[in-house]
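The chain contents come next:
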Amino acid sequence: MVDLDGGDVLVDHGADRRLSTASVGKIFLLLEVADRLASGALRTGHLVDRRAVEPVADSGLWQHLAADVLPVGDAAALVGAVSDNLATNVLLDLVGLAAVQQWPARLGLAETALHDKVRDVRRPSDPPALSTGTAAELAEVMRSLHAGEVRAARRVLGWLRLGTDLSMVGQAFNLDPLAHAEPDRGVRLINKTGTDTGVRADVGLVYGPRRRVAYAVVANWTPEGPADPHRDAVLAGMRQIGAHIRAVV
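Just so it is clear, the model here is predicted, and its values are computed rather than measured.

## Digging into a negative patch on the surface
On the surface, a cluster of negative charge is made up of Glu54, Asp58, Asp120 and Asp196. Looking at the element boundaries, Asp120 is found in the loop between strand S5 (113-114) and strand S6 (131-133).

Structure representation (structure tokens):
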């Protein structure tokens, strides 16, 4: 956890350990799309077609909607709001994975990246994780977005503030998961989460009346059976961290 005004690291535990971060790496895709919109290389109304890519399941809404074609801005909003896997792959098909993979270096990161498109099944020949990163670098990504250090920052934060997943650190703030773009009880949360088997990751910004912070919380573990008690422990721990952030801000 980093203070956004003074730059001080407020909490640091294993922050340089590289872990699987599931969908968190989609932030770099949003950066590339937003940057092209800012430069004029793309128009918000440019239409993208989900039939251009293979269907993919799990998180997202587009797979359940009737429309095959959406404006690129709407597809990006779906990624920000519900981490839409199909919209992710359609946008990756549009801008190219190679361009997205340049963003970590542009931001001065060494251990954080989006490695692949979303896949229902990962084969041995595929990258083992959708994305990886360290908490220290991911908190820096959020700080950089807050500071507007790239021209795409404001648009990316606009998409991320639509995020509906408050199941991790966000639990502690008791916000409306479907409508918290504006401050509630003096607090505003903007975040991106990642979920996979044995993975929970939550990175974000919290603006409060006393302090503004960037945070990144990542947990990897080996699941044990269908009940997987580790998942309950991880989510409980992430809520506790959220409660600490709430007390600080």
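## Thoughts on the pattern of salt bridges
Across all of its chains, the model carries 15 salt bridges by this definition. In this structure, the salt-bridge partner of Asp49 is Arg51, at a minimum N-O distance of 2.8 Å. The exposure class assigned to Arg51 is exposed, which follows from its relative accessible area of 58%. For Asp68, the salt bridge identified is with Arg51, shortest N-O distance 3.5 Å. Placement of the pair is Asp68 in the loop between strand S3 (47-49) and strand S4 (69-71) and Arg51 in the loop between S3 and S4, with a sequence separation of 17 residues. Taking the relative accessible area as the measure of exposure, Asp68 reaches 25% and is therefore partly exposed. Taken together, the shared-partner salt bridges in this structure form one network comprising Asp116, Arg119, Arg122, Arg123 and Asp126.

## Considerations on the packing of helix H6 (residues 135-147) against helix H7 (residues 153-160)
Running from amino to carboxyl end, H6 crosses H7 at an angle of 115 degrees, the nearest separation of the two axes being 8 Å. When the interaxial angle is binned, H6 and H7 end up roughly perpendicular. Relative to H7, H6 is oriented so that their crossing is left-handed. For the pair H6 and H7, contact is made by Met142, Leu145 and His146 and by Ala153, Val156, Leu157 and Leu160, respectively. Within the contact of H6 with H7, the residues separate by chemical class into six nonpolar, one polar and no charged.

Reading the values: rules and limits
- Residues numbered from 1 in each chain as written.
- Predicted model: local features only at pLDDT ≥ 70, side-chain atom pairs only at ≥ 80, totals over all residues.
- Heavy atoms only, no water.
- Patch = residues over 30% accessible without salt bridge, like charges linked within 9 Å, V, L, I, M, F, W, Y side chains within 5 Å.
- Areas by Shrake-Rupley, 256 points an atom, 1.4 Å probe, with all protein chains shown as cover.
- Salt bridge = Lys/Arg side-chain N within 4 Å of Asp/Glu carboxyl O.
- Lys, Arg positive; Asp, Glu negative; His and termini not counted.
- Charge placed at Lys NZ, Arg CZ, Asp CG, Glu CD.
- Helix = DSSP H or I, 4+ residues; strand = E, 2+ residues; numbered from the N terminus.
- Buried < 20%, exposed > 50% of the residue type's maximum accessible area, 1.4 Å probe, protein only.
- Axes fitted to C-alpha atoms, helices over the stretch in contact; angles between N-to-C directions.
- Parallel < 35°, antiparallel > 145°, perpendicular 65-115°, else oblique.
- Left-handed = near helix turned anticlockwise from the far one by under 90°.
- Contact = heavy atoms within 4.5 Å.
- Nonpolar A, V, L, I, M, F, W, Y, C, P; charged D, E, K, R; others polar.

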